[in-house]
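Fold and contact review
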Amino acid sequence: MFDKLEAVESRFNEIEHKLGDPSLAGNPDEFRRLSREHSSLIELVAEYRIYRRTKKDIEENKELIQEGDAEINAIAKEELKTLEPLLVATAKKLQLLLLPQDPNDQKNILLEVRAGAGGEEAALFAGEIFGLYKKYAERQGWKVEFMSASQAEKGGYKEIIASIEGTKVFSRLKFEAGVHRVQRVPETEAMGRVHTSTVTVAILPEAEEVDVVIKPADLRIDVYRSSGAGGQSVNTTDSAVRITHIPSGVVVACQDERSQLKNKEKALKILRSRILEAEEARAHKEHADSRKAMVGTGDRSERIRTYNFPQGRLTDHRIGFTLYQLPDVMQGHIDSLLDALQTHYQSEALKQSGFAVQNQN
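These remarks concern the structure in this document. Keep in mind that this is a model prediction, so the values were computed, not measured. All residue numbers refer to position in the chain's written sequence, counted from 1. pLDDT decides what is reported in this predicted model: residues at 70 or higher carry local features, side-chain atom pairs at 80 or more are listed and counted, and totals for whole chains, interfaces and linings draw on all residues regardless. Neither water nor hydrogens contribute to the side-chain values; these are computed over all heavy atoms in the structure.

1. Points about helix α3 (residues 70-97)
Worth spelling out the cut-off: Helix and strand assignments come from DSSP, with helices taken as H or I runs of at least 4 residues and strands as E runs of at least 2, each series counted from the N terminus. To estimate the expected span of a helix, count its residues, drop one, and scale the result by 1.5 Å. Here the bend at a residue is taken as the angle between two axes, fitted respectively to the seven residues that end there and the seven that start there. Relative accessible area decides the class of each residue, using a 1.4 Å probe on protein chains only: under 20% of the type maximum gives buried, over 50% gives exposed, and in between gives partly exposed.
The first and last C-alpha atoms of α3 sit 40 Å apart over 28 residues, in line with the 40 Å expected at 1.5 Å per residue. Along α3, the helix axis deviates most sharply at L80, where the bend reaches about 30°. What α3 keeps buried is the set N73, A76, L80, L83, L87, T90, A91, L94 and Q95.

Dropping the structure here:
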């Protein structure tokens, strides 16, 4: 492990030197590539330097204890009480940081929320789930941009798509993908019976043009007049855009902007991410058919999480995690949930990698 860390630190120092070279200003693509690599290594290198410094301090304090001076011995032993647990904790963090990284962790995302089983109540909850993530993103300082939406007649959304840009957005939200189940009494329920509905959430890493090359000849682009819920006209020009990627059959439509050009740009952005997702799914068969594996059919039995409003409870069924703070959760306070999911999957990855946390002194 430590040979690898030495090599990583050496590469980090090399990148810092290159980034400081004035000639790099004329090559923005290379500057951007090196900056990303630098960002991906900075936490690992910082932690390794803490580990190395702590290990050295432990060795020095043990040498002082051997010298026999009673006062110095007492000071050195007190310092060891702090340094030795720090070394173990740092070694554990290094093991986590050395796990194979998801290449998408640094990317922005497309968040797609769709109503599943449950009709009008599912559409209403889709809007609330989207609001939950929007509030969380804003609290993180991330940028949220609406891409496409299909409103339901009585409120909420049949489907809503937005891009979220910021630091490690995919890394933080990737475990949110799946079927989310809600149990509550709808406002229209006269008898007070609890209904169960679902929404599906997809978290797609945002594809850049360099990630997915789309040939113009492979696209069929149709324009048409935008319309709102219930057929109400949004505008009187053909600004809505529908793009079909002929080889894959993927179809994306955008009509939320008054500008045909802006709708086309947004549709292409969604299209690239969906094609990238499909390509990665083929390369990683364990994730099966991408969107199907991510969100299933929306059936109630496929849920990853339940939001039980009568009990004020959220339960994530994958890790057996429960919170009785549902009102706070719906306001975007989900850090404890995201932390628990991340810790669980990191622990599983450590088991599979064969790493064992040991005292390295």
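2. Let's talk about the side chain of K266
For clarity, the cut-off: Any pair of nitrogen or oxygen atoms within 3.5 Å is treated as a polar contact; in protein, a donor-acceptor pairing is required on top of that, and neighbouring residues in sequence qualify only through side-chain atoms on both sides. Two residues qualify as a contact provided that any one of their heavy atoms is within 4.5 Å of a heavy atom in the partner residue.
Looking at the element boundaries, K266 is found in helix α6 (residues 260-283). You can call K266 buried: its relative accessible area is 8%. Polar side-chain contacts of K266 include one of 2.6 Å to the backbone oxygen of F146. Every residue in contact with K266, bar those within four places of it in the chain, is listed here: E145, F146, M147, C254 and E257.

3. Side note on the pattern of salt bridges
Pairs can form between side chains of opposite charge once their charged atoms are near each other. In plain terms, the rule: In what follows, salt bridge is the name for a side-chain nitrogen of Lys or Arg lying within 4 Å of a carboxyl oxygen of Asp or Glu.
Under the definition given, this model contains 29 salt bridges. The partner of E128 in a salt bridge is R184, with the nearest N and O atoms 2.7 Å apart. With a gap of 56 residues between them, E128 in helix α4 (residues 120-140) and R184 in strand β4 (residues 178-184) connect regions that are remote in the sequence. On the accessibility criterion, E128 (30% relative accessible area) is partly exposed. Assessed through its relative accessible area of 11%, R184 is described here as buried. D316 is the partner of R305 in a salt bridge, and the nearest nitrogen-oxygen pair spans 2.9 Å. A residue pair is termed long-range when its members are at least 10 positions apart, and R305 in strand β9 (residues 303-308) and D316 in strand β10 (residues 313-316) qualify at 11 residues. When its relative accessible area of 1% is taken as the criterion, R305 is described as buried. Overlapping salt bridges, with partners in common, bring together R11, E14, K18, E30, R33 and E37 in one network.

4. Looking at the pairing of strand β7 (residues 240-245)
Here is the rule: A strand pair is defined by DSSP finding two or more bridges across the two strands.
Of all six residues making up β7, five are buried, and the element is well covered by its neighbours. Where strand β6 (residues 219-224) lies against β7, six bridges are found, and the strand directions are antiparallel. Bridge pairing in β7 links V223 to V241. Across five bridges, the pairing between β7 and strand β8 (residues 250-254) is antiparallel. In the sheet register, V241 faces β8, and the bridge partner there is C254.

5. Notes on the packing of helix α2 (residues 28-67) against α3
Let me state the cut-off plainly: Axis definition: a line fitted to C-alpha atoms, over the contacting stretch in the case of helices. Angles run 0 to 180 degrees between N-to-C directions. Working rule for angles: under 35 degrees goes down as roughly parallel, over 145 as roughly antiparallel, 65 to 115 as roughly perpendicular, anything else as oblique. It is the rotation of the near helix from the far one that decides the hand of a crossing: anticlockwise by less than a right angle makes it left-handed, clockwise makes it right-handed. When residues are sorted by character, Ala, Val, Leu, Ile, Met, Phe, Trp, Tyr, Cys and Pro go into the nonpolar class, Asp, Glu, Lys and Arg into the charged class, and all the rest, Gly among them, into the polar class.
Contact pair α2 / α3: the axes reach a minimum separation of 8 Å and the direction vectors enclose 155°. By the angle between their directions, the pair α2 and α3 is classed as roughly antiparallel. Seen from above, α2 lies across α3 with left-handed handedness. Grouping the constituent residues of the contact of α2 with α3 by class yields 16 nonpolar, four polar and nine charged.

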